[in-house]
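Fold and geometry: a report
Each chain is listed here by its residues.
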Amino acid sequence: MSDVFERLTAADPYAGNTFELPDVASFITRVSITSRRSSTWRRFQLGVSGAISATTLIMVGSIAALQGAAPSLPVLNFAAASTTRVNVYSSVKASTSLLPTTNVHGTTAPSTATNTQYHFMAAQSLSNANTVGPAYPLRAPRHPKTETMRIASVFGVSGVLRQLASGAAWQVSSPGAKVTFAPQGLWTWSYVNTSTSATDSVVETVPVRALALKATQLVSGLRYGYQLGTPTVAKRNVTGSGPSNSAQGFVSIHLSFPVVVSGTTTGLVSDFTFSTSGALLRAHGPAFFVASSYPYPLLSPLAGVAGLNAQQSELRSGAGPSANSPTPIEVTISNSSIALGTYRLSDGALWLVPVYTFTGKVNAKSASWSLLALDSRYTKNAALASPIANQANRY
Amino acid sequence: MAPSRDDQFDRLVRELSPPVGSYLGRRLYPLARVELDDLVEETFTIIWRRFDDVPSGAELPWALGVARNVLRNAKRAHARRHHYEGKVRPRGAEASAEENVLADANVRDALNKLSDDDREILLLHAWDGLNANDLARTLLISPNAAAVRLSRAQAKFKQHFSETPMS
């Protein structure tokens, strides 16, 4: 080859810069799901146009038939719980766990009685109606570096971008604050105020409502696929050195917001800590976009109670024969609510999936059990699934 | 047991996404860099939809043909948007033209003197590594025609290159 063509080849702007997909497994899931949905849509369009060209009667019949047809929904094959992270911040209690979460002195504490068996019965008030609920595949921010810079600009932090020694996490740090984006597991952003002046001057008390508004505005600025719900508020006396390395103690106001997607609470949280003067000290939350929603048929609450019994049997049989089979404790499930839990599928994709929380009483104490609410025709390995949650970055 | 359609597609994505991404990346201008991932995704969405049509043994040139059409559509949409947006509000941040400049000024000048068709076939060969048969698949022409067009484009490029003052 002549020098001319060698120079042409060498001028390739992409030479030595191979394109790589950031997350091949999620990409494949996204592409195949998009296509399945589009092909359903195309079939629908063809059906309607064919009907228009026929008689009015046929057209009406076709539309009616299409309206009654079941949508094409992917079967969610859940990853086993061992591959997912333990949920420490989740407000949705361990989704498929049959260990009750009892309310003791206003806090939630899981029971440790692992060999307890329950027999669940439904109160008459529980509905038998089958409904439909949306599940959402989540999309990660595509470019960690760009994403970190974007988050930093929302929090007003400008400084040096660097990759942390821990691997995938990126951080922008300035003398007064740092912002971190950690794309491992469930993607998480976090902000830490490192300025000493933030906690030293306790001169005024800013109303909690104003702090909540500030937090909400910051999260809106991030433009992720979620909103914040009503926060729980706690005041903490921090003595000694706090995040600011301040020598004296200070008071901080902690707001914990449930993460809400399309009006439904998820098991995820976004936490904000302010000084009494209104300075933001710490914040963290999940970082994801919601690609689309899939309307899945759900179990009725009544069928869900039966599902709890069936799942208990399934898990017990998987655990092997037990020498002592205690008499099951009778529990009447009096209430059910629905939320979204975050689950990892076997292909690595993350989904928000409807989860029932059933409430009953054990020894006069309120307790709750959770169960995936999807119709079992659309799930695989549901008994092994466990929700994951966003944990605060410790950077 | 034969691999399932999902497994085959998985293999195809892992194999073809680097060359397809690079192909699109080289020709992205005037689109912004952030649009690259979307174009790759759109390309593979079409490939998945038409998976039964993918020719065995010629997957890459076929995929590049799809990517070529996706890129053309995106550029047309960009041009339309650019035209109408320019009328109603000031222009926002756009992809920098500097990003698209080739470092070798002689190569750049010689390429600029070629027609769009000649430049396309020449670069598919030089940068994307397609031979005459592959070019035929990508450009939907016969292998003979591809060979003739490539040869002609190479001759023109060589001529323009020699006419350009050395820098």
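What you are looking at is a predicted structure, and each value in this text was computed from that prediction instead of being measured. (Residues numbered from 1 in each chain as written. Chains lettered and ligands numbered in written order. Predicted model: local features only at pLDDT ≥ 70, side-chain atom pairs only at ≥ 80, totals over all residues.)

Between chain B and chain A, the contact holds 25 residues from the first and 23 residues from the second. Ranked by the residues each element gives to the side of chain B that touches chain A, the list is headed by helix H1 (residues 5-26) of chain B, at 10 residues. Grouping the amino acids of the side of chain B that touches chain A by side-chain chemistry returns 12 nonpolar, five polar and eight charged. (Contact = placed C-beta atoms within 7 Å. Helix = DSSP H or I, 4+ residues; strand = E, 2+ residues; numbered from the N terminus. Nonpolar A, V, L, I, M, F, W, Y, C, P; charged D, E, K, R; others polar.)

Attention now goes to the packing of helix H6 (residues 132-139) of chain B against helix H7 (residues 143-163) of chain B. All names here are of chain B. In contact at an axis separation of 8 Å, H6 and H7 are set at 105 degrees when each is read in the N-to-C sense. Taken together, the axes of H6 and H7 are roughly perpendicular relative to one another. Contact residues: H6 offers Ala132, Asn133, Leu135, Ala136 and Leu139, while H7 offers Pro143, Ala146, Ala147 and Leu150. Classifying every residue of the contact of H6 with H7 by side-chain character gives eight nonpolar, one polar and no charged. (Axes fitted to C-alpha atoms, helices over the stretch in contact; angles between N-to-C directions. Parallel < 35°, antiparallel > 145°, perpendicular 65-115°, else oblique.)

An α-helical segment advances 3.6 residues per turn. Residues three or four places apart therefore align on the same side. Those residues of helix H5 (residues 116-126) of chain B lying buried are Asp118, Ile121, Leu122, Leu123, Leu124, His125 and Ala126 of chain B. Among the structural elements, helix H1 (3-10) of chain A together with H6 and H7 of chain B are those in contact with the buried residues of H5 of chain B. (Buried ≥ 20, exposed ≤ 12 C-beta atoms within 10 Å, placed from the backbone.)

With that out of the way, let us pick up the pairing of strand S4 (residues 118-122) of chain A. Residues and elements named next belong to chain A. In S4, alternate side chains face the same way, and those of Tyr118, Phe120 and Ala122 are buried while those of His119 and Met121 on the opposite face are not. The sheet contact formed by S4 and strand S17 (residues 329-333) spans five bridges and is parallel. In the sheet register, Met121 faces S17, and the bridge partner there is Thr332. (Pairing = 2+ DSSP bridges.)

This paragraph deals with the pairing of strand S19 (residues 350-362) of chain A. All names here are of chain A. Relative to S19, strand S5 (residues 132-139) is paired through two bridges, and the arrangement is antiparallel. Note that in S19 the partner of Pro137 across the bridge is Trp351. Pairing of strand S18 (residues 335-344) with S19, which is carried by 10 bridges, proceeds in the antiparallel orientation. Bridging from a neighbouring strand, Arg344 pairs with Leu350 of S19.

Judged by nonpolar contacts, the single largest core of 75 residues is most densely connected at Phe155, Val179, Ala215, Val353, Val355, Leu372 and Ala373 of chain A. The dominant element in this core, judged by the number of residues it contributes, is S19 of chain A, at six residues. A domain-level breakdown of this core finds at least three residues from each of domain 2 (76-137 + 293-384) and domain 3 (141-182 + 188-287) of chain A. Leave out the neighbours within four places in its chain, and Val179 of chain A touches Thr148, Ile151, Ala152, Phe155, Val157, Gln171, Val172 and Tyr191 of chain A. In terms of nonpolar packing, the next biggest core, distinct from the first, is built from 22 residues, Ile28 of chain A together with Phe9, Ile47 and Ala63 of chain B among them. (Core = buried A, V, L, I, M, F, W, Y, C linked by C-beta atoms within 7 Å. Domains from an automatic or database assignment.)

With that settled, consider unusual backbone geometry. The peptide bond linking Tyr29 of chain B to Pro30 of chain B adopts the cis configuration, its omega dihedral lying at 10 degrees. Tracing the backbone shows Pro30 of chain B in the loop between H1 and helix H2 (36-49). Residue Ser262 of chain A is not a glycine yet carries a positive backbone phi of 45 degrees. Mapped onto the secondary structure, Ser262 of chain A falls in the loop between strand S12 (250-261) and strand S13 (264-275). Non-glycine residue Leu140 of chain B carries a positive phi angle of around 55 degrees. With respect to the element layout, Leu140 of chain B can be found in the loop between H6 and H7. Judged by the 9 C-beta atoms lying within 10 Å of it, Leu140 of chain B is exposed.

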